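Here's the letter readout for the chains.
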Amino acid sequence: MEDKRPTPLVEDLEGTRHKLGQWFSQRQGVEVSVSELNIPESTGMSNVTLLFETRWQENGQTHAEQCVGRLQPEIERPVFPTYDLSLQYRIMQTLSEKTDIPAPSMRGLELDASILGVPFYIMKKIEGRIPTDMPPYNMDGWMLHETTLEQRRNLWNAGLDTMARFHQLNHEALGFEAMNQPELGETPLQQQLQYWRNYLEWGMEGRGHVICEKALQWLEANQPKNEMTRLCWGDSRIGNIIFSEDCSRVEALLDWEMAVLGNPVQDLSWYCYIDSTFADGLGMPRLEGLPSYEETVERWSMATGFAADDFDYYRVFAGMRYGLILSRIMVAQSQEDEVQGNFAVELLARTLHQIA
């Protein structure tokens, strides 16, 4: 895919660095310097990530902190129609300050676009290792070359167990009941299906989508009844987790832009389905040592006490969402041949054939 960053700010990194220094200085009441800004190579279409260090003097001592900045996208054809940075920020801040779920310590949210040209938030950088998407971790990178089979198993299960603890949180007690969107449907699932139907119309820009439309129709016709409701991560995959160096524990859960209220089985299915896209989806073997999906479902059910009877339903749901997102990226990149037939859509078609 052509490399088009989701905001023009990266074209003036020095100017952005200077403005960030002013922003920190005003907030902290002392002069704060910001180091050179770096953009991770794996930054995708949905956001821009900035890595940098801040330094300041306080009580005669020099202080320094490694930081991560996330900027709201600003391109003509974004991946998502809207971005709620306030919600993303609040979820991570709440997890970090009010629960035992590992999440970044947040340093500030700025919704005034006049500062950098787009809204942004800053969090403290957490050290650790993140499985790579580019290249996929089953094809190259540290997970393939630098881990034992036991470490891979421990990593997968550590992420799963942390997610299971997250699913047991009371979203109402934490103040997230306002995420309910009754204008889109009576139940959280109906609301999500309506969102993705709207997304199909918006994202495909009038082209329609044969396979994703078929999946949506099946999902609408086969909705589970009497589902539990929890705060769902949305983009629950090991590539959004910072692990300790020895792969034994989770240091932080990241990327909450797809967070919703719904049945937590959808996070479990996404956790497995996105891993399968790197294997079945790309015609490659799955990374050896990772627990099977059957083991994963059983472990999550034991940890949460929740049944995962609708796992296959949410596999189709995961495939529909991923197929639409990747197809939207193809539309945004003007890769017309890949809109209806990219690997994510082909995997969804196979999944539908197995389940529907």
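Notes on the structure follow. (Residues numbered from 1 in each chain as written. Predicted model: local features only at pLDDT ≥ 70, side-chain atom pairs only at ≥ 80, totals over all residues. Heavy atoms only, no water.)

## Regarding the overall build of the protein chain
Check the secondary structure of the protein chain and you find ten helices and nine strands. Relative to the compact-globule value of 21 Å for 356 residues, the protein chain shows a C-alpha radius of gyration of 21 Å, a close match. Dimensions of the protein chain along its principal axes, counting C-alpha atoms only, are 65 × 45 × 45 Å. For the protein chain, the proportion of its 356 residues judged to be buried stands at 52%. Across the protein chain, contacts joining residues at least 24 apart in sequence account for 70% of those joining residues at least 6 apart. Carbon and sulfur atoms make up 46% of the accessible area of the protein chain, which amounts to about 16300 Å² in all. (Helix = DSSP H or I, 4+ residues; strand = E, 2+ residues; numbered from the N terminus. Rg over C-alpha atoms; globule rule 2.2 N^0.38 Å. Buried < 20%, exposed > 50% of the residue type's maximum accessible area, 1.4 Å probe, protein only. Contact = heavy atoms within 4.5 Å. Areas by Shrake-Rupley, 256 points an atom, 1.4 Å probe, with all protein chains shown as cover.)

## Focus on the sheet that holds strand E1 (residues 32–34)
An order of E1-E2-E3-E5-E4 is seen for the five strands of this open sheet, with the pairing classed as antiparallel. Looking at the sheet topology across the chains shown, the edges are occupied by E1 and strand E4 (106–110). Across the sheet, the mean angle separating the axes of adjacent strands is 25 degrees when strand polarity is ignored. By the bridge criterion, five bridges tie strand E3 (residues 61–71) to strand E5 (residues 120–124) in an arrangement that is antiparallel. Residue pairing in the sheet places Gly69 in a bridge with Ile122 of E5. Of the strands in this sheet, E1, strand E2 (48–58), E3, E4 and E5 are in contact with helix H1 (residues 13–28), which crosses E1 at around 155 degrees. (Pairing = 2+ DSSP bridges. Axes fitted to C-alpha atoms, helices over the stretch in contact; angles between N-to-C directions.)

## Examining the side chain of Asn157
When you line up the elements, Asn157 lands in helix H4 (residues 149–167). With relative accessibility at 9%, the residue Asn157 sits in the buried group. Setting aside anything within four residues of it in sequence, one finds Asn157 in contact with Pro291 and Arg299.

## A look at the pattern of salt bridges
This model, assessed by the stated rule, comprises 20 salt bridges. With a closest N to O distance of 2.8 Å, Glu205 and Arg77 form a salt bridge. Of this pair, Glu205 sits in the loop between helix H5 (188–203) and helix H6 (210–221) while Arg77 sits in the loop between E3 and helix H2 (85–98), placing them 128 residues apart in sequence. Where Glu245 meets Arg129, a salt bridge forms, and the shortest distance between an N and an O atom there is 3.8 Å. (Salt bridge = Lys/Arg side-chain N within 4 Å of Asp/Glu carboxyl O.)

## Re the layout of surface pockets
Reported here for the second largest pocket is a volume of approximately 700 Å³. Together, 23 residues line the second largest pocket, and Gln181, Tyr195, Glu257, Ala259 and Val260 are the ones closest to its centre. Of all elements in the fold, only H2, H5 and strand E9 (260–262) reach the threshold of two or more residues within the lining of the second largest pocket. Split by residue class, the lining of the second largest pocket holds 14 nonpolar, six polar and three charged. (1 Å grid on protein atoms, 1.4 Å probe; cavity = no way out; pocket = protein on both sides within 12 Å on 5 of 7 lines; lining within 4 Å. Points joined across faces, edges and corners; volume = space filled by probe spheres on them. Nonpolar A, V, L, I, M, F, W, Y, C, P; charged D, E, K, R; others polar.)

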